Amino acid sequence: MDNPARVIILQVMTADTDIVIVGGGLNGPALALALAQNGFTVTVIDALAETVRKNAAFDGRAYALALASQRLLAATGVWDRVADEAQPMLEIKVTDGHAGSGPSPFLMHFDHAEIEEGPMGYMVEDRHLRRAFLDAMADTPGITRISGKTVVSQSVEQNHMTLTLDDDSTVSARVLIGCDGRRSGTAARAGIKRTGWDYGQTALVCAIAHDKPHNGVAHQFFMPPGPLAILPLTGNRSSIVWSERTDTAREIQALDDAGYLAALRPRFGDFLGEIKLAGKRFTYPLGLTVANRFIDERLALVGDAAHGMHPIAGQGLNAGLRDVGALVEVLVLAARRGEDIGAIDVLERYQQWRRFDTATLAAATDVFNRLFSNDNPLLRMGRDIGMGLVGAVPGLRRGFVREAAGLTGDLPLLLQGKRI
Ligand SMILES: Cc1cc2nc3c(=O)[nH]c(=O)nc-3n(C[C@H](O)[C@H](O)[C@H](O)COP(=O)(O)OP(=O)(O)OC[C@H]3O[C@@H](n4cnc5c(N)ncnc54)[C@H](O)[C@@H]3O)c2cc1C
């Protein structure tokens, strides 16, 4: 017969799930799928009901997903669910411009033909991606979804973490992963401080329908108040990310649709013919926020919870999916070796892999934004010369194309399209 004391100890030590993820936005589901497909049990908790997150009007963003991110989505079975709605990105054109005065002659032009792998990436609208993630999680054994409940506290026990939700229920896990976005409560509750600032800029975001085809070309115009990105969607539609100073953005957002389009037209130009709105208008305040540590006892941060950056280079989610690939690889290999997946030296491997990369990326987006959201003539001349050089030197240009496709650096296996 079992010793009753031993049974009690085992019960205390057994967690409800291997891994609990706080945050079912975008990185949380990607991580849950990759972990469950590699044999872990996972619980994903999100404060919002799935019906809210699945609502097509929930979030107006569309994401420029690098080729490497697309590979991770393919490996986790999500890509097949969005492929028909994805627009390949074949070229990127970057110009330094003034509203109304057209682009300067300095242009950087990147073409996917410079690499062998195919398109640099794909544009996918949030409404398709979010739904695909939620549906894929529902179809994947090993994933428990808790929605409409907020995590209010967390505590570290000897062999596991215990989370308490706002209905007083608890979930215990061997590891807690915070995918809870820029204001990560998971990080705050662990005493992890953040570095960052508000840019005083807001992104106006919407889908635009236009007369002429975009031919898969993404445009980035650098205007003094902030960049304007025109990103190709399926059909004759493009997603715009139009950064303005926050007070101006507020005024523009308050205009009716005709006024909004009248403000956009001189910035957008007429190269795609007549334009009109193809959906609701959204705004997103822009800021930088990087967690000073990505790990703690039995805890790791992923995606915007670890690093929220300016969308100037369309890299936020791509960086998050690299975190996902790296963390899954670290945990799977640790489990295969029989290590405790929540041990700090295991989680330290993840931090070492990702922290320097993401801090550098966040700093680069910060410098880019300051350098380009600026009308100083000397700076303008300097950046135009820099752009001219990058655009003219084939080696540099090819390097940028590989960077845009997410093919550089120490790529996790899932982002190379390989199994762990
Ligand atoms: C205008 C704009 C354009 C962008 N374009 C691109 C692009 O082209 N390419 C790109 O790669 N990136 C882009 N990004 C960045 C990208 O949007 C983010 O990196 C990404 O959405 C972050 O996802 P996440 O899952 O980490 O966090 P979030 O999407 O913020 O998800 C966090 C989730 O956690 C939940 N949550 C929070 N607290 C709790 C709690 N206590 N309990 C339970 N649940 C909780 C929330 O409900 C939420 O669902 C863009 C960003 C902006 C603003």
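Residues numbered from 1 in each chain as written. Predicted model: local features only at pLDDT ≥ 70, side-chain atom pairs only at ≥ 80, totals over all residues. Heavy atoms only, no water.

## Thoughts on the side chain of Thr 234
The following threshold applies: A run of H or I in DSSP counts as a helix once it spans at least four residues, and a run of E counts as a strand once it spans at least two, with each numbered from the N terminus. Between N or O atoms, a polar contact is any pair within 3.5 Å; within protein, one atom must be a potential hydrogen donor and the other a potential acceptor, and residues adjacent in sequence are included only when both atoms are from side chains. Should any heavy atoms of two residues lie within 4.5 Å, those residues are considered in contact.
In this structure, Thr 234 sits in the loop between strand E14 (226-233) and strand E15 (237-245). At a separation of 2.9 Å, a polar atom in the side chain of Thr 234 contacts the side chain of Arg 237. Not counting the four nearest positions on each side in its chain, Thr 234 is found in contact with Asp 84, Glu 85, Ala 86, Gln 87 and Glu 125.

## Things to note about the sheet that holds strand E4 (residues 87-89)
Going by this rule: Two strands are counted as paired when DSSP detects at least two bridges linking them. Lines fitted to C-alpha atoms define the axes, with helix axes restricted to the stretch in contact, and inter-axis angles between N-to-C directions lie between 0 and 180 degrees.
Here three strands make up an open sheet; going across it, the order is E3-E7-E4 and the pairing antiparallel. Every interior strand has two partners, whereas the edge strands, strand E3 (62-66) and E4, have only one. Within the sheet, the average angular offset between the axes of one strand and its neighbour, ignoring direction, is 30 degrees. On the sheet, helix H4 (residues 67-75) packs against E3 and strand E7 (121-125) and is oriented at approximately 95 degrees with respect to E3.

## Remarks on the site of the ligand
Quick reminder of the rule: Being near a molecule or strand, for a residue, comes down to having at least one heavy atom within 4 Å of it. Areas reported as accessible are Shrake-Rupley estimates using a 1.4 Å probe. Residue values count occlusion only from the protein chains shown. Under the scheme applied here, ten amino acids are nonpolar (Ala, Val, Leu, Ile, Met, Phe, Trp, Tyr, Cys and Pro), four are charged (Asp, Glu, Lys and Arg), and all others, including Gly, are polar.
Residues in close proximity to the ligand total 31 residues, the closest being Asn 27, Asp 46, Ala 64, Asp 304 and Leu 317. Between Ala 64 and the ligand, the recorded distance is 2.8 Å, taken from a backbone N or O atom to an oxygen atom. Compared with its free state, where it exposes 1000 Å², the ligand has 87% of that area covered by protein. Elements that contribute at least two residues to the shell around the ligand include exactly strand E2 (42-46), E3, strand E12 (194-210) and helix H10 (316-336). For the shell around the ligand, the residue count by class is 16 nonpolar, ten polar and five charged.

## Side note on the side chain of Thr 43
Short version of the rule: Three exposure classes are used, based on accessible area relative to the maximum for each residue type with a 1.4 Å probe and protein chains only: buried under 20%, partly exposed in between, and exposed over 50%.
Here Thr 43 is to be found in strand E2. For Thr 43, a relative accessible area of 6% corresponds to the buried category. In this structure the side chain of Thr 43 is engaged in a polar contact, spanning 3.4 Å, whose partner is the side chain of Thr 17. Among residues more than four places away in sequence, those in contact with Thr 43 are Thr 17, Ile 19, Val 20, Ile 21, Thr 144, Ile 146 and Val 171.

## A word on the packing of helix H2 (residues 27-37) against helix H6 (residues 126-138)
Which entries qualify depends on this criterion: When describing relative orientation, an angle under 35 degrees is termed roughly parallel and one over 145 degrees roughly antiparallel, while 65 to 115 degrees is termed roughly perpendicular and anything else oblique. The sense of a crossing depends on the near helix, which, turned anticlockwise from the far helix by less than a right angle, makes the crossing left-handed and, turned clockwise, makes it right-handed.
Closest axis-to-axis distance for the H2/H6 pair is 10 Å, and the angle between their directions is 30 degrees. The orientation of H2 with respect to H6, classified from their angle, is roughly parallel. Crossing hand, H2 versus H6: left-handed. Taken together, the residues of H6 that come into contact with H2 (itself represented by Pro 29, Ala 30, Ala 32 and Leu 33) are Phe 133, Ala 136 and Met 137. Here the residues of the contact of H2 with H6 are counted per class, giving seven nonpolar, no polar and no charged.

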